[in-house]
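# A closer look at the structure
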Amino acid sequence: MSMLTPPGMGGKYRITGDKYPRMRRSRGRSRIVLAVVASVVAVGLIGWGTLQLIDVFTGGDKASAAGATGDCRTRPSASPSPSASPKVLPKPGQVTVNVFNATPRSGLAKQTADELKKRGFTIGDVGNAAKEYDKKVKGPGLLLGAKTATDAALPVLGTQLPGAELKTDGRARPATVDLIIGTSFKQLTTKADADKALAALAKPSPTPAASKKHC
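- For the protein, the name recorded in an unreviewed UniProt entry is LytR family transcriptional regulator, with Streptomyces antnestii as its organism.

### Notes on the overall build of the protein
- Helix and strand counts for the protein come out as five helices and seven strands.
- Burial status across the protein gives 27% buried among its 215 residues.
- Taking the contacts inside the protein whose residues are at least 6 apart along the sequence as the reference set, 73% of them involve residues at least 24 apart.
- Counting only carbon and sulfur atoms, one obtains 59% of the accessible surface of the protein, whose full area is about 15500 Å².

### As for the environment of Lys91
- Along the chain, Lys91 falls in the loop between strand 1 (73–76) and strand 2 (96–101).
- Residues Lys91 and Ala153 lie 62 residues apart in sequence; the distance between their C-alpha atoms is 8.5 Å.

### A look at the sheet that holds strand 3 (residues 122–128)
- Spatial ordering of the open sheet is given by 3-2-6-4-5, a layout of five strands whose pairing is mixed. On the outer flanks of this sheet lie strand 3 and strand 5 (165–169), each paired with one strand and no other. Direction aside, the axes of adjacent strands within the sheet are offset by 20° on average.
- Taken together, the four bridges between strand 4 (residues 141–146) and strand 6 (residues 176–181) define a ladder with antiparallel strand orientation. Bridge pairing in strand 6 links Leu142 to Ile180.
- Together, strand 2, strand 3 and strand 6 form the strand contacts of helix 3 (residues 108–118), whose direction differs from that of strand 2 by roughly 155°.

### Considerations on the pattern of salt bridges
- By the definition in use, this model includes six salt bridges.
- In this structure, Lys135 and Asp134 form a salt bridge, with 3.4 Å as the shortest nitrogen-oxygen distance.
- Given a relative accessible area of 27%, Asp134 falls into the partly exposed group.
- Note that Arg171 is salt-bridged to Asp169, the shortest N-O span being 2.9 Å.

### Things to note about unusual backbone geometry
- The backbone phi angle of Lys135 is positive, close to 60°, even though this residue is not glycine.
- Residue classification places Lys135 among the partly exposed residues on the basis of a relative accessible area of 45%.

### Description of the side chain of Thr189
- Tracing the chain through its elements places Thr189 in the loop between strand 6 and helix 5 (191–202).
- With near-sequence residues (within four places) excluded, Thr189 lies in contact with Arg119, Thr159, Gln160, Leu161, Pro162 and Ala194.

The rules behind the values
Residues numbered from 1 in each chain as written. Predicted model: local features only at pLDDT ≥ 70, side-chain atom pairs only at ≥ 80, totals over all residues. Heavy atoms only, no water. Helix = DSSP H or I, 4+ residues; strand = E, 2+ residues; numbered from the N terminus. Buried < 20%, exposed > 50% of the residue type's maximum accessible area, 1.4 Å probe, protein only. Contact = heavy atoms within 4.5 Å. Areas by Shrake-Rupley, 256 points an atom, 1.4 Å probe, with all protein chains shown as cover. Pairing = 2+ DSSP bridges. Axes fitted to C-alpha atoms, helices over the stretch in contact; angles between N-to-C directions. Salt bridge = Lys/Arg side-chain N within 4 Å of Asp/Glu carboxyl O.

Next comes the structure, spelled out in structure tokens:
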């Protein structure tokens, strides 16, 4: 009998040799450890998901991130800029219009001049266009005036014929402009629409001022 065999035991309980038998850990303990770890992970995931839902509905995460990083959205101010102040434009009676016909149709210059006179404009020369422009104005018309008339007499006359081309020359009198009737001309815009255009020209809509940051 081996010295390793307990007293009174033999047969299948007899231990022979000079090595101790290997002892294995219980599988039940490993399963308990794994179950505890899985529970801890599950609780952590549930808590993280809850925080995300709170941030989505309250916007707290975005607000705090914007405040921390300085990432603020810029929005235009509703207050008008100084450029939106009313313009000082000449009245139609202060604008002298020379009306010239550059089309093959006869009578257009006089008809147009008569209508402009009814609308308060002062009429100058009326007749056929010079050879330089005769049958060479493809659009509804050409408005010709001094460079200083680009912000005064020319846009005022332009309210009567939308789509007309504006051009400047070296004349010295800014209050005198030419209306050269083009081949696409049909008629002046209606008086009601022209009056609206004049009002809008004198009082432009306000433009947004410098943008402000809103966090």
